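Listed below, chain by chain, are the residues.
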Amino acid sequence: MASRSSFIVDHAHKAHDGAFGYGYPEIPARVDSIMASLERTGYEVEEFHSEPRDAIVSLHAHDMLNYIDRFCSSMDDSAAYPPVLPGTVRDGTGHPRSQTFCFDLSTPLARRTPEAAMAAAGLALEGAARVQAGTKFVYALCRPPGHHAGTDFFGGFCFFNNAALAADVLSKQGSVAILDLDYHHGNGTQQIFYERRDVLYVSTHADPTMAYPQISGFTNETGAGEGEGYNFNFPLPLNTDDRTYLEALPRAMESVWDFDPDFLVISLGLDGAMGDPVGTWSLSKESFEKSGEKVAEMGVPTLVIQEGGYNLRRLGDDVVAFLDAAQAS
């Protein structure tokens, strides 16, 4: 009989490390913070490792993967930020096409970054496989995160789109809803599924007129072609607190309920927490608990993929608050 819950991590994430610069927040200590809280709470976390190159190129451009490999293999033990050379407009959501595939100036590469990014993708795919096999709830502690990576672009600390890879696999067995709870809009996830109707994308995030990525996440982005009506964005003010967030959350969840998915994928970002160095919201643990409760109410097999969250003093406890509530049913 399949187990009810599963929690998985791949410590190969530590390969993505280097001299990224003072204050760079996407560091290995993020996983340490989460693991400490999980273990203190009594969760058993299993280590899993794979290198799913073939699965990655099923959604991401082969040329992008090769570029990342070449860039990283030419480096020593330091790190570097790839040049950004935008060309013409990429698509209706405003993505610039870059000769280097990177769309921002905040995503460093180190010699072993491909190893870590591929491991994160493998962890998400293993999570999808466990859900397909009957596990009701899976948490994949992915690092680096993924929701800013699109078919042929990367950025926002993300290289491969872990949640999208998992959702694409699950879509072969039924309909999938992705609920993105990160402070930032998941521009990559939106782009990947923008013309598909088998995968719903719903996101709550900070107003993209002011907050990163500033090129997508607007309410008029509702999908295109067969995907028209299967993309929902709920941008919130930069000063969002618990009250504002918890008033908006039911509206986002209503879109998921109406879709009635067979599977639910959560892009779990905790960077909306008060004191997070990359966000402006002031959410308390209550907001993450309430978010988890809404997920539990869905009652469908659920895969939670770790995205952002950079306040190391509270990150792990916020993750546990969400996970405890999300499994309550």
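Residues numbered from 1 in each chain as written. Predicted model: local features only at pLDDT ≥ 70, side-chain atom pairs only at ≥ 80, totals over all residues. Heavy atoms only, no water.

Participant: How do you make sense of the side chain of H60 when you look at a structure like this?
Facilitator: Looking at the secondary structure, you find H60 in the loop between α2 (53–56) and α3 (62–73). Judged by relative accessible area, which is 2%, H60 ranks as buried. H60 has contacts with A149, G150, T151, F160, N161 and I192, leaving out every residue within four places of it along the chain. (Helix = DSSP H or I, 4+ residues; strand = E, 2+ residues; numbered from the N terminus. Buried < 20%, exposed > 50% of the residue type's maximum accessible area, 1.4 Å probe, protein only. Contact = heavy atoms within 4.5 Å.)

Participant: Just checking my understanding: could you explain the sheet that holds strand β9 (residues 199–206) for this structure?
Facilitator: In sheet architecture, strand pairing relies on hydrogen bonds along the backbone and comes in two forms, parallel and antiparallel. With respect to topology, eight strands assemble into an open sheet ordered β2-β1-β7-β12-β11-β8-β9-β10, the strand pairing being parallel. Looking at strand neighbours, the two that pair on one side only are β2 (46–47) and β10 (231–236), the edges of this open sheet. Relative to β10, β9 runs parallel, the two sharing six bridges. Bridging from a neighbouring strand, S203 pairs with N233 of β10. Packing against the sheet, helix α1 (residues 29–41) makes contact with β1 (5–9), β7 (137–141) and β12 (302–306), and its axis sits at approximately 145° to β7. (Pairing = 2+ DSSP bridges. Axes fitted to C-alpha atoms, helices over the stretch in contact; angles between N-to-C directions.)

Participant: What is the right way to read helix α8 (residues 285–298) from this model?
Facilitator: Residues lying three or four places apart along an α-helix face the same way, a consequence of the helix completing one turn every 3.6 residues. Taking 1.5 Å as the rise per residue, α8 with 14 residues should run 20 Å; its terminal C-alpha atoms sit 21 Å apart, in good agreement. Its buried side turned inward, α8 meets β8 (176–180), α7 (242–259), β11 (263–268), β12 and α9 (315–326). (Expected span 1.5 Å × (residues − 1).)

Participant: Help me understand the side chain of D318, please; the structure alone is not making it clear to me.
Facilitator: Tracing the backbone shows D318 in helix α9. Polar side-chain contacts of D318 include one of 2.6 Å to the side chain of R314. Every residue in contact with D318, bar those within four places of it in the chain, is listed here: L270, A273, K285 and F288. (Polar contact = N/O pair within 3.5 Å; in protein donor to acceptor, adjacent residues only side chain to side chain.)

Participant: Just to check I follow, could you spell out empty space enclosed by the protein for this structure?
Facilitator: In this approach a probe as big as a water molecule rolls over the atoms, and the regions it shows empty are the leftover space. As enumerated under the stated definition, the model contains one cavity of 30 Å³ or more in all. Empty space within the largest cavity amounts to approximately 30 Å³. Together, L181, Y245, L268, G269, F288, S291 and F322 line the largest cavity. Among the residues making up the lining of the largest cavity, the classes are represented as five nonpolar, two polar and no charged. (1 Å grid on protein atoms, 1.4 Å probe; cavity = no way out; pocket = protein on both sides within 12 Å on 5 of 7 lines; lining within 4 Å. Points joined across faces, edges and corners; volume = space filled by probe spheres on them. Nonpolar A, V, L, I, M, F, W, Y, C, P; charged D, E, K, R; others polar.)

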